[in-house]
Amino acid sequence: MGETKDSSAFYYRVHSPVVLIEYDAQSPLAYGNKSSDGGGGGGGMGGPGGTPTQQHIHTIIRTPNGNDYGIDLLKLHLENDH
């Protein structure tokens, strides 16, 4: 979903019973001040409501049927490695 130019922000999701992959461009949170007018301390989109860019990316790769959601990793580590 999104534009197709090399510089564009976009989103994609591949979802099956075996794998879930997401790539999601977000708006930059706090690069300099919250003004996007270019003045002051470097500017930035200022977070929510800003324009997504390739500067702030969220990704996820999961195995939906691999029982990896909500696992207590610390507990698992302590049980297996201590």
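First, a word on scope: everything that follows refers to the structure included in this document.

What counts as what
Residues numbered from 1 in each chain as written. Predicted model: local features only at pLDDT ≥ 70, side-chain atom pairs only at ≥ 80, totals over all residues. Heavy atoms only, no water. Pairing = 2+ DSSP bridges. Helix = DSSP H or I, 4+ residues; strand = E, 2+ residues; numbered from the N terminus. Contact = heavy atoms within 4.5 Å. Phe/Tyr/Trp six-rings, centres within 6.5 Å; stacked < 30°, edge-to-face > 60°. Buried < 20%, exposed > 50% of the residue type's maximum accessible area, 1.4 Å probe, protein only.

### Looking at the pairing of strand 1 (residues 11-15)
Successive side chains on a regular strand alternate, one facing one side of the sheet and the next facing the other.
Part 1: In the sheet, strand 1 pairs with strand 2 (residues 20-25) via five bridges, with the strands oriented antiparallel. Bridging from a neighbouring strand, V14 pairs with I21 of strand 2.

### Regarding the environment of G2
Part 1: By the secondary structure assignment, G2 is in the segment before strand 1.
Part 2: Separated by 10 residues in sequence, G2 and Y12 have C-alpha atoms that sit 8.9 Å apart.
Part 3: Leaving out residues up to four positions away in the same chain, G2 has contacts with A9 and F10.

### Overview of the packing of aromatic side chains
Part 1: Tallying each qualifying case throughout the model produces two aromatic pairs.
Part 2: The interplanar angle of 20 degrees and the centroid separation of 5.0 Å between the aromatic rings of F10 and Y23 together place this pair among those described as stacked. Of this pair, F10 sits in the segment before strand 1 while Y23 is found in strand 2, placing the two residues 13 residues apart along the sequence.
Part 3: The exposure class of Y23 is buried, given its relative accessible area of 19%.
Part 4: Taking 5.5 Å as the distance between ring centres and 0 degrees as the angle between the ring planes, the aromatic pair formed by Y12 and Y23 counts as stacked. Here the residue Y12 occupies a position in strand 1, and Y23 occupies one in strand 2, the gap between them amounting to 11 residues.

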